[in-house]
Structures are given as structure tokens and as C-alpha cells.
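Results of the structural survey
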Amino acid sequence: MSDATLDKLKRRFDADAASGMHEIFQFHFSDVGDHYLVVNDGQLEVHEGEHDDPSVSLSMSSDTLKGVMNGEINGMNAFMTGKLKATGNVMLATKLSSLFPSR
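Reading the values: the criteria
- Residues numbered from 1 in each chain as written.
- Predicted model: local features only at pLDDT ≥ 70, side-chain atom pairs only at ≥ 80, totals over all residues.
- Heavy atoms only, no water.
- Helix = DSSP H or I, 4+ residues; strand = E, 2+ residues; numbered from the N terminus.
- Rg over C-alpha atoms; globule rule 2.2 N^0.38 Å.
- Buried < 20%, exposed > 50% of the residue type's maximum accessible area, 1.4 Å probe, protein only.
- Contact = heavy atoms within 4.5 Å.
- Areas by Shrake-Rupley, 256 points an atom, 1.4 Å probe, with all protein chains shown as cover.
- Core = buried A, V, L, I, M, F, W, Y, C linked by side-chain atoms within 4.5 Å.
- Pairing = 2+ DSSP bridges.
- Axes fitted to C-alpha atoms, helices over the stretch in contact; angles between N-to-C directions.
- Polar contact = N/O pair within 3.5 Å; in protein donor to acceptor, adjacent residues only side chain to side chain.

We now examine the overall build of the protein chain. Summing up its helical and strand segments, the protein chain has 4 helices and 5 strands in all. In sequence order, the secondary structure elements of the protein chain are arranged as α-β-β-β-β-α-α-β-α. Computed over its C-alpha atoms, the radius of gyration of the protein chain comes to 12 Å, within 12% of the 13 Å expected for a compact globule of 103 residues. Expressed as lengths along the three principal axes of its C-alpha atoms, the size of the protein chain is roughly 30 × 30 × 25 Å. Looking at the protein chain as a whole, 36% of its 103 residues are labelled buried. Restricting to contacts in the protein chain with at least 6 residues of sequence separation, those with at least 24 account for 62%. With an accessible surface of roughly 5,900 Å², the protein chain has 47% of that area assigned to carbon and sulfur atoms.

Have a look at this one:
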């Protein structure tokens, strides 16, 4: 994940939406290294690599993530067409849009 994408994620993070949430979002990218997000009661940490026990794991290309974050790709459509795969607590993936709203 590029530094620009990471910076955008951090800027868009809505701490209020993450209040009381304690979850790990694992991202497996087909074209860049893996990363995971730790959301802990309104706080966000971004780490490189794989977490031992993520709440949800999302597999996609970095372009798919950029499209979803920019609002150019609908996350549900990406999931239904196979551009995005999710395992674990799949319903958590639907909360990403409220945690990282478009501004």
C-alpha cells in the first residue's frame, strides 16, 4: 500500500464511528504487501504484514481498494464480481465506509 493511500486512510478515519469498536481489518493485496488496520475505541493503527487473528480478512488489488475509497467502485459490487474477497466477520467489511467516509 502506498504512503499516499495510507495517508488518505488516516485523514479520512472517523474516530466517532469507531468509538467502542475493537477490530482488526486484514488486507491481502494481490500486487503489493499485506497490511492490517487495528481499530481500537476510536483509535487507528496501520501495520505492514499479517495479523495472527484478524476480525475480517479482505483480499483485493490495491487498485480495487483505491476505487472503493474514492467512491469509483461500489464495495458490494466488487464483492459480488469477485474483485474483493472476504473471510471472517464479513459484515465488518460493510463498516469500512462509515469508518473512512468520503469527504
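Right, let's get into the nonpolar core. Formed by 21 residues in total, the largest nonpolar core has its most connected members in F25, F27, V39, L58, M60, L99 and F100. Broken down by secondary-structure element, the contributors of at least two residues to this core are β1 (22-29), β2 (35-40), β4 (56-60), α2 (62-70) and α4 (96-99). Aside from chain neighbours lying at most four places away, what touches F100 is L9, R12, F13, L37, L44 and M69.

The subject of this paragraph is the sheet that holds β2. Here we have 5 strands laid out as an open sheet, ordered β3-β2-β1-β4-β5, and mixed in their pairing. Taken across any chain shown, the strands that pair with only one partner, and hence form the sheet edges, are β3 (43-48) and β5 (85-88). When the angles between neighbouring strand axes are averaged without regard to direction, this sheet yields 20 degrees. Pairing geometry for β2 and β3, over 6 bridges, is antiparallel.

This next bit is on the side chain of H35. The residue H35 is located in strand β2 in this model. At a separation of 3.1 Å, a polar atom in the side chain of H35 contacts the main-chain carbonyl oxygen of G33.

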